[in-house]
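So you can see what is in the structure, the chains are spelled out below.
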Amino acid sequence: MIESHPGVPLIKHLKAVASNCLKIAQSATTDFGFSQNTKEALVYICGVFHDLGKATSYFQEYLKNPQAEHSALKNHALPSAVFVFFVVKKFIESLSKEKAQSFFLASVCFTVVKRHHGHLLDFKEEISIGYKESDLEKQYASIPTTDVQDIIDECLSQVDFSVQWNDFIAWFNCGGFEQEANFEYLDFELGQFSDWDDPQKSSAYYFFLWMFGTLLYSDKADVILEGSFPTLALPGFECLNEYRRLEGFDQPSSKLDQYKNESFFSVLNQLEKEFNKEKRFYSITLPTGLGKTLTSLGAALKLKSLARLEDGRIIIAIPFTSIIDQNYQVYEKVFNNPDSTMLLKHHHLAEQKYKEGEDSIRNEDESQYLIETWQSAVICTTFVQLLECLITNNKSKLLKFSSLSNSIILLDEVQQIPYNLWPTIRQAFFTITKQLNCYVVLISATQPLIFYPNREIEELVPDYQKYFSLFNRTRLVNKTNTSIPMEDFLDEVLVYAEKNPQKDILIILNTKKVTLKCFRELKKRLSDGSQLRYLTTLITPYERKKIINELEKRDPGKRYIIASTQLIEAGVDISVDTIFRALAPLDSIVQAAGRANRYSEKHTLSDVFLYKIDEQYNSSCKLYGKDLMIKTELVIGNVEVIEEKNYLPLIESYFEQVKDLSDHSDKQLLNHLLNLEFKAVGEFELIEEIKSESLFIALNNEAKELWGEFVRISEDESLSHFDRRKLFSTIKSKFYDYVINVPIPHNQTSLELPIEPYNGFYLCNDDNNQNFKIYSYDSSNIQKNEGYVYDKLSSISL
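The sections below set out a description of the structure shown in this document. Residue positions are given per chain, counting from 1 as you read along its sequence in written order. The predicted origin of the model limits local features to residues at a pLDDT of at least 70 and limits the giving and counting of side-chain atom pairs to 80 or more, whereas totals for whole chains, interfaces and linings rest on all residues. Remark: hydrogens and water are excluded; side-chain values derive from all non-hydrogen atoms of the structure.

1. Comments concerning the overall build of the protein
- Under the DSSP-based scheme used, a helix requires at least four consecutive residues in state H or I and a strand at least two consecutive residues in state E, with every element numbered from the N terminus. The helix and strand inventory of the protein stands at 33 helices and 23 strands.
- Within these notes, the globule rule equals 2.2 Å times the number of residues to the 0.38 power, and the radius of gyration is based on C-alpha atoms. For 798 residues, the compact-globule estimate of 2.2 N^0.38 gives 28 Å, and the protein sits close to it at 29 Å.
- The principal-axis extents of the C-alpha atoms in the protein amount to approximately 90 × 65 × 50 Å.
- A total of 798 residues make up the protein; the buried ones form 58% of that total.
- As presented, the protein carries roughly 34000 Å² of accessible surface, and 46% of it is formed by carbon and sulfur atoms. Classification of residues uses two cut-offs on accessible area relative to the type maximum, computed with a 1.4 Å probe and protein chains only: under 20% is buried, over 50% is exposed, and between them is partly exposed. Reported accessibility uses the Shrake-Rupley method at a 1.4 Å probe radius. Residues are deemed covered only where the shown protein chains occlude them.

2. Remarks on the sheet that holds strand 19 (residues 692-697)
- For two strands to be treated as a pair, DSSP must find at least two bridges joining them. Read from one edge to the other, the open sheet built from three strands follows the order 20-19-21, with strand pairing classed as mixed. In this open sheet, the two strands that pair with only one neighbour each are strand 20 (739-743) and strand 21 (761-764). With direction set aside, neighbouring strand axes in the sheet form an average angle of 30 degrees.
- Summarising the sheet, strand 19 and strand 21 pair through four bridges and their orientation is parallel. Bridge pairing links F696 to L763 in strand 21.
- Contacting strand 19 and strand 21, helix 30 (residues 701-715) crosses the sheet at an angle of about 120 degrees to strand 19. Angular values range over 0 to 180 degrees, each being the angle between N-to-C directions of two axes fitted as lines to C-alpha atoms, with helices fitted over their stretch in contact. Here, residues are in contact when the closest pair of their heavy atoms is within 4.5 Å.

3. Thoughts on the environment of T515
- When you line up the elements, T515 lands in helix 22 (residues 512-525).
- Taking the relative accessible area as the measure of exposure, T515 reaches 0% and is therefore buried.
- Separated by 280 residues in the primary sequence, T515 and P235 place their C-alpha atoms 44 Å from one another.
- Residues contacting T515, with those up to four places away along its chain left out, are L509, Y534, L535, T536, A563, S564 and T565.

4. Here we look at the sheet that holds strand 16 (residues 578-582)
- The strand order 14-15-13-16-17-12-18 describes an open sheet built from seven strands, whose pairing is mixed. Looking at strand neighbours, the two that pair on one side only are strand 14 (531-535) and strand 18 (641-643), the edges of this open sheet. In this sheet, neighbouring strand axes are inclined to one another by 15 degrees on average, regardless of whether the strands run parallel or antiparallel.
- Where strand 13 (residues 505-508) meets strand 16, four bridges bridge the pair, whose relative direction is parallel. Bridge pairing in strand 16 links I507 to F580.
- Against the sheet, helix 24 (residues 586-593) engages strand 12 (474-484), strand 13, strand 16 and strand 17 (606-613), with an angle of about 160 degrees to strand 16.

5. Quick word on the pattern of salt bridges
- Criterion for a salt bridge: a side-chain nitrogen of Lys or Arg within 4 Å of a carboxyl oxygen of Asp or Glu. Tallied over the entire structure, the rule returns 42 salt bridges.
- For E93, the salt bridge identified is with K89, shortest N-O distance 2.9 Å. Taken together, the positions of E93 and K89, both in helix 4 (residues 77-93) and four residues apart, correspond to about one turn of that helix.
- Residue class for K89 comes out buried when judged on its relative accessible area of 6%.
- Between R554 and D504 there is a salt bridge, and its shortest N-O distance comes to 3.1 Å. Placement of R554 in the loop between helix 23 (541-552) and strand 15 (560-564) and of D504 in the loop between helix 21 (486-499) and strand 13 is noted, with a sequence separation of 50 residues between them. Both residues of the pair, R554 and D504, count as buried.
- Among the charged side chains, a network of salt bridges with common partners joins K89, E93, E180 and E184.

6. Section: the layout of surface pockets
- Buriedness for pockets is judged along seven lines, at least five of which must meet protein on both sides within 12 Å for an open set on the 1 Å grid over protein atoms alone, while cavities are sets there where a 1.4 Å probe fits but cannot get out, and lining residues have an atom within 4 Å of a point. Grid points are joined across faces, edges and corners, and a volume is the space filled by probe spheres set on the points. For the second largest pocket, the calculated volume is near 1100 Å³.
- Counting residues per element, the ones that place at least two in the lining of the second largest pocket are helix 11 (198-224), helix 16 (364-372), helix 17 (383-390), helix 18 (395-398), helix 30 and helix 31 (721-729).
- Broken down by element, the residue count for the lining of the second largest pocket peaks at seven residues, all from helix 31.
- Looking at the lining of the second largest pocket residue by residue, the class counts come to 10 nonpolar, 12 polar and 11 charged. Polar here means any residue outside two lists: the nonpolar Ala, Val, Leu, Ile, Met, Phe, Trp, Tyr, Cys and Pro, and the charged Asp, Glu, Lys and Arg; Gly therefore counts as polar.

7. Remarks on the pairing of strand 19
- For strand 19, a buried count of five out of six residues is recorded, marking the element as mostly surrounded by other parts of the structure.
- Two strands pair when backbone bridges link them, and strand 19 and strand 20 are joined in this way by five bridges, in the antiparallel orientation. Within strand 20, the residue paired with S694 across the bridge is N741.

8. A closer look at empty space enclosed by the protein
- One pass over the structure, following the stated rule, counts three cavities of 30 Å³ or more.
- The volume enclosed by the largest cavity comes to roughly 120 Å³.
- Around the largest cavity, the lining residues are P287, T288, A445, F468, R473, T474, V590, A593, G594, E644, Y647 and I651.
- Looking at the lining of the largest cavity, the elements with two or more residues in it are helix 24 and helix 27 (647-663).
- Class assignment for the residues of the lining of the largest cavity results in seven nonpolar, three polar and two charged.
- Its boundaries defined by the atoms lining it, the second largest cavity holds a volume of some 50 Å³.
- For the second largest cavity, the full set of lining residues is L476, L586, I589, V590, A593, Y647 and L650.
- The set of elements that each furnish at least two residues to the lining of the second largest cavity consists of helix 24 and helix 27.
- Tallying contributions element by element places helix 24 first for the lining of the second largest cavity, with four residues.

9. Brief notes about the packing of aromatic side chains
- In this analysis, rings of Phe, Tyr and Trp, with Trp reduced to its six-membered ring, are considered paired at centre separations within 6.5 Å, and the interplanar angle assigns stacked below 30 degrees, edge-to-face beyond 60, and tilted for intermediate values. Considering all chains together, one arrives at 71 aromatic pairs under this definition.
- Residues F85 and F177 carry aromatic rings whose centres are separated by 5.0 Å and whose planes lie at 75 degrees to one another, so their mutual orientation is edge-to-face. In this pair, F85 sits in helix 4 while F177 sits in helix 10 (residues 176-195), placing the two residues 92 residues apart along the sequence. Like F85, the residue F177 is buried in the burial classification.
- Ring geometry for Y217 against Y369: centres 5.7 Å apart, planes inclined by 15 degrees, an arrangement best described as stacked. Remark: Y369 occurs in helix 16 and Y217 occurs in helix 11; sequence separation between them is 152 residues.

10. As for the nonpolar core
- Residues belong to one nonpolar core when they are buried, are Ala, Val, Leu, Ile, Met, Phe, Trp, Tyr or Cys, and are joined through side-chain atoms within 4.5 Å. Counting residues in each nonpolar core, the largest one holds 228 residues, and the members touching the most others are F49, V82, Y206, F429 and Y788.
- Setting aside chain neighbours within four positions, we find Y206 in contact with F32, L390, I391, F401, A428, T431, I432 and L673.
- Judged by nonpolar contacts, the second largest core, of 48 residues, contains L286, L290, A307 and I443.

See the structure below:
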């Protein structure tokens with residue numbers, strides 16, 4: 001018996017993978033410029049022959065004795081890929097409509113099979129067997145002709161097409177692959193490919209990803225799930241209606257609730273009025289606090305119905321995990337505590353448990369696979385997960401690519417996408433909305449100009465200007481015309497605090513080091529009983545959540561003063577009286593203003609004081625980009641005081657300036673994508689990795705138990721590396737609640753802490769912390785908590 005895995009007949013695995021591929025092709029509405037039958041045949045051929053190279057005697061010997069030393073002749077991907085090239089070329093040439101594309105389509109199939117255990121490389125490098133011709137001859141000679149012909153005949157009966165193994169061997173031995181690959185690639189590159197416009201080249205790129213992702217998903221699904229696929233529970237609009245009724249949204253009791261209700265139905269009515277199949281892009285532009293979470297969910301459910309995408313997913317992408325966790329709780333209530341088949345949360349710290357029904361939880365391997373491939377009706381995930389699935393060559397990131405078909409994609413807080421990515425994002429979404437039958441909704445209070453309004457994107461709140469004018473909760477007081485030292489800024493904050501002892505104050509600064517300095521100065525100079533709180537990523541997520549929860553439910557009889565970095569601008573539902581904000585890009589300033597008088601509960605307008613601080617400016621330019629800082633100063637230059645009802649023209653003017661920056665930005669990433677240079681595209685990361693080291697802070701008993709479990713997993717010699725990762729994933733979410741990442745100074749290779757790291761983490765516990773004062777924490781007095789305070793902090797640009 002020829003096997004694919006120990007005890008598994010090769011023919012069984014091939015047919016199962018091909019069946020999975022075919023289901024995806026049949027259920028997904030895709031349009032890559034050729035017929036549905038052709039697409040189905042191509043993914044089927046890739047699936048059914050992707051492991052045919054396992055029929056070699058070399059691979060079969062490896063299966064029998066994997067611990068022994070084996071030569072590279074056991075490798076199976078390349079011999080499988082060459083055979084797939086031969087089959088696809090013959091198949092396409094038998095058709096009249098797609099005959100001219102035979103080389104390109106055969107090359108795509110060759111590449112995805114060749115790379116199904118690795119990452120995609122540049123197209124022009126892939127169409128080659130390198131120096132492997134002699135190895136391939138030996139591998140093919142070791143395959144039993146009769147057995148492999150039986151496999152081929154049984155597999156190809158599905159596509160009503162036949163191939164003879166002996167014909168393939170004769171073709172290969174006469175140099176057929178190298179001749180066709182070399183000569184036809186040259187013709188393709190100089191002819192057909194050079195004539196394609198950008199949309200056609202982008203379509204070719206995403207056809208690669210779709211084929212590759214479909215094969216990867218189908219192959220791994222057979223090994224991990226063994227045919228046990230979950231049935232997705234599709235939510236209906238009635239869930240949202242019932243939730244809104246139970247929460248009293250249908251009977252608004254305040255002006256704010258009336259506006260929420262009005263805007264909710266305005267979006268649904270506009271969608272009903274303006275929808276047609278060819279309109280793929282929509283936007284929801286509403287000010288902070290007007291219920292965008294439920295309104296956008298309603299739009300997605302309505303859009304699914306109008307587009308007749310009953311089986312399609314709703315993919316909600318959000319820039320910050322804090323907002324994901326917050327919104328996810330709302331969705332859980334809307335769908336009445338659903339299992340994972342209806343609602344899924346996917347980010348790097350999300351719980352790796354896939355739940356079906358009330359009591360059933362898939363095992364670790366199945367859970368991880370089902371979560372990472374988005375096997376749910378509604379997926380709540382990050383920009384990183386979505387955008388790095390669209391712009392990548394990485395097989396792990398592409399496992400979920402086929403799940404994009406027929407989906408509604410919500411991009412929340414879309415202004416967070418860097419402007420230099422707009423050209424690539426535009427082209428990516430133009431292509432996948434058409435080729436994968438998707439619809440995209442952009443959601444923001446500060447809508448960027450990624451797509452041209454009215455021409456490329458339809459606004460679902462046609463009178464959104466009205467809602468901005470109705471809200472007048474804050475006023476921006478611009479003090480940036482002159483730059484002042486940090487000491488003077490602190491003096492102004494303290495004078496204000498003393499004159500306004502009843503007012504809660506939020507101070508937002510752009511770097512951790514300066515925020516800590518501010519917090520220390522407040523502690524030293526304020527003695528009026530104010531509750532002081534400090535928030536940066538140099539305190540653990542556990543403490544941050546605790547502090548934010550306290551601030552959201554704070555005692556109204558106490559005055560709070562909070563020193564924070566910009567982390568408080570997203571996903572934190574607090575409302576203060578006054579904000580002091582260091583100069584930042586305008587969209588961040590508007591986000592900051594949303595933390596004051598959030599529910600119009602104050603009797604007067606809340607002031608948002610904006611300062612240009614000497615010690616902050618250069619580091620702020622490095623953090624946000626100097627161009628955005630300059631554009632902000634240009635837009636607000638003539639503004640002294642402006643009320644919230646007049647913010648909108650300022651925001652629109654700012655994004656016109658940013659659009660100009662985007663239009664003139666470097667298009668290198670887009671060019672790599674259009675030229676099918678997958679290796680270069682694969683270097684893309686949405687969030688640039690900062691050189692840092694990780695500290696585990698053993699603040700309490702739970703943290704100490706988690707560290708003990710981490711050590712036990714690490715030191716269990718009976719576990720493989722894979723098993724250790726799997727076990728760690730069960731505690732990962734809680735473990736990282738006690739981890740901080742500290743940037744390494746530019747002139748150092750490490751933090752140079754007086755303790756040694758253990759498996760990538762410095763353990764900071766009671767013993768070493770007393771000796772060296774690395775981390776400041778006091779469970780009895782939260783005002784003493786300063787987080788990471790090691791004395792080398794002063795040399796770090798945070």
